[in-house]
Amino acid sequence: MEKNMEEPLSSQGEMTHQHTTPKHSKGGLITMPFIIANEAFEKVASYGLIPNMILYLMRDYSVGVAKGTNILFLWTAGTNFMPILGALISDSYLGRFLTIGLGSISSLLGMILLWLTAMVPKVRPPPCDITTQSCKTPTTGQMTLLLSSFALMSIGAGGVRPCSIAFGADQLDNKSNPKNERVLESFFGWYYASAAISVLISLTAIVYIQDHLGWKVGFGVPAILMFLSALLFFFASPLYVKQKPSKSLFTGFIQVPVVAYKNRKLAFPPRDSDGWYHHKRDSKFIAPTTKLRFLNKACIIRNPEQDMASDGTASNPWSLCTIEQVEELKALLKVIPLWSTGIMISINISQSTFQLLQASSMDRHISSSFQIPAGSFGMFTIISLATWVILYDRAILPLASKIKGKPVQLGAKLRMGIGLFLSCMAMVVSAIVESIRRRKAIREGYLNNAHAVLDMSAMWLVPQHCLNGLAEAFNAIGQTEFYYSEFPKSMSSIAAALFGLGMAVANLLASAILSAVDKLTSRGGKESWVSNNINKGHYDNYYWLLAIMSSVNLLYFLVCSWAYGPCVERVIKVSDEGNGFKEEELSNIGAIVKDEV
């Protein structure tokens, strides 16, 4: 989901063993309202700005639809990429508390700057001259101020989003509590529930305020919410457990190829020989796997006296890595081809600008006195996603398991493939609906009137939103589950980071695709497919292009899935428990291990 409920990029997998049991005077349930409120307010404020932003750029900054959409693509890409950098800084240098705090301040400053662009007329171009139909473009200073507000909000998201869930778990993680796991599970549930509710509020309430009360109030409300977010977070500062930063997993990934290159001239030790490879204390590994063998040189011990410290660790981590580090990097590299197949679905879901312009040109009334804001149609994506997840987990799987008499579950790779197929179908439906809408607009004489509202219900757009929601429910959740199942537990933070990175790459590629389409289709003075005038353009052709690319990507996924082979081997022990089933899974990442009797 581009609204992304998969943002926690910080080291969740390690949070239960990177620190000692928190003191009873710090942390606990009393801190939860402040942490969850900080994340919820940040989401409502930031996500509430995105849906209608293209209208603000076009109407108040005289920016064309192609350029405006590219600006939004780049802004979203930055917002999706910054959490990865935020997780690295948090884990290695600042710690989670400071990273969240600085992120909240940065987001607040960005929203205040954006609000000022609406409040102060001189910081944006003058209104278009109606008589001459001429519009002045924004000056360099005016555009810099606007883009600076976007940049500050992206930096802020990079501080808040990757750290808040792990910071909340820090407050509750108490190994002396026999119900510790249940407490953490409950917190994660409330966290994701608040995230979903926040996105829905931003797509409805904030968008409605912007539509009916204008940009001054529409940008002011998110700024106030972000101020409350920062205030509540810092207000509870004396109550928090504040863990010190530790070594980052990202740093370990960089060390492996660096050390392997340094040791490139070393000969490989005899196969299955013990003592040649460096591993963690009490590790079961005695040698790395043979795949990507050149990386194995990163963990070869050249001189035990020089390479090893007295406690058994490496004297210099940039000269000697552990087998675990090498295998973690191999696991990451192995999933990259399958990860790349998820980029296309994120490109499709990010086409909200065109869906907004479509909705704006259609009848959005659901009664004589109320119409759905054009920017709120994205809520159908969220609703269909959440509905399917609940039905799949609470109704479909239990019923199928009861019928078959054994646990039934769709594999992660199968769900990823189903999601890619549904995403392709969403683009096909989008193209068909837009073709119908455009022909109707021309028949009614609105070819030159981009702001005309057709006698055609905007509910025609709901199926494509629902298909996008179902596609994301299958692919995004399947993707994340695939990473979690294939990676060692120490890489759980990377599982979430990969999805965010995929969305960032998708936003950049979406911008490149849009620019290429605009340039190629407007040659020779022709009307661009993505023209500012939705009725003159051919948004339907643009959707068909995405549908074709999605079908090619589906074939690419099938090849990658076949090449990847079976997922991690599991020994599943199934036992009856009441009317349901209990599964216990044991997995092995495939490295050579010591024999155990």
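Residues numbered from 1 in each chain as written. Predicted model: local features only at pLDDT ≥ 70, side-chain atom pairs only at ≥ 80, totals over all residues. Heavy atoms only, no water.

Some points on the packing of aromatic side chains
Next, step 1: All told, the structure shown has 22 aromatic pairs when counted by the stated rule.
Next, step 2: When the centroid spacing of 5.8 Å and the interplanar angle of 50° are considered together, the rings of Phe-377 and Phe-380 count as tilted.
Next, step 3: By relative accessible area, Phe-380 is classed as buried at 17%.
Next, step 4: Aromatic ring contacts, followed pair by pair, group Phe-97, Phe-167, Phe-233, Phe-234 and Tyr-240 into a single cluster.
Next, step 5: Directly above the aromatic system of Phe-97 lies the positively charged group of Lys-242, at a separation of 4.1 Å from the ring centroid.
Next, step 6: When the ring centre of Phe-268 is taken as reference, the NZ or CZ atom of Lys-297 above it lies at 5.0 Å. (Phe/Tyr/Trp six-rings, centres within 6.5 Å; stacked < 30°, edge-to-face > 60°. Buried < 20%, exposed > 50% of the residue type's maximum accessible area, 1.4 Å probe, protein only. Lys NZ or Arg CZ within 6 Å of the ring centre and 35° of its normal.)

Things to note about the confidence of the model for the protein chain
In regions of low pLDDT, the predicted coordinates are not meant to be interpreted in detail.
Next, step 1: Chain-level pLDDT for the protein chain is 81 on average; 83% of the residues reach the 70-or-more range.
Next, step 2: Ranking the elements of the protein chain by mean pLDDT puts strand E2 (residues 570–577) last, at 36, and helix H17 (residues 539–564) first, at 94.
Next, step 3: For the stretch residues 1–24, pLDDT sits under 50, and the model shows 91 contacts to residues farther than four places along the chain or on other chains.
Next, step 4: Below a pLDDT of 50 lies the segment residues 569–597, which in the model reaches 56 contacts outside its immediate sequence neighbourhood of four places, other chains included. (pLDDT = per-residue confidence, 0-100. Helix = DSSP H or I, 4+ residues; strand = E, 2+ residues; numbered from the N terminus. Contact = heavy atoms within 4.5 Å.)

Here's the deal with unusual backbone geometry
Next, step 1: Of note, the phi angle at Ser-62 is positive, near 55°, even though the residue is not glycine.
Next, step 2: With relative accessibility at 21%, the residue Ser-62 sits in the partly exposed group.
Next, step 3: Positive phi is not limited to glycine here, since Leu-292 has a value of about 50°.
Next, step 4: Mapped onto the secondary structure, Leu-292 falls in the loop between strand E1 (285–287) and helix H9 (304–307).

Considering the pattern of salt bridges
Opposite charge on two side chains permits pairing when their charged atoms draw close.
Next, step 1: The tally for this structure, following the rule as stated, stands at six salt bridges.
Next, step 2: Of the charged contacts in the structure, one is a salt bridge between Glu-39 and Lys-43, with a shortest N-O distance of 2.4 Å. With Glu-39 and Lys-43 both in helix H1 (residues 32–47) and four residues apart, the pair spans about one turn of that helix. Residue Glu-39 shares its accessibility class with Lys-43, and that shared class is buried.
Next, step 3: Residue Arg-124 is joined to Asp-60 by a salt bridge in which the shortest nitrogen-to-oxygen separation is 3.7 Å. (Salt bridge = Lys/Arg side-chain N within 4 Å of Asp/Glu carboxyl O.)

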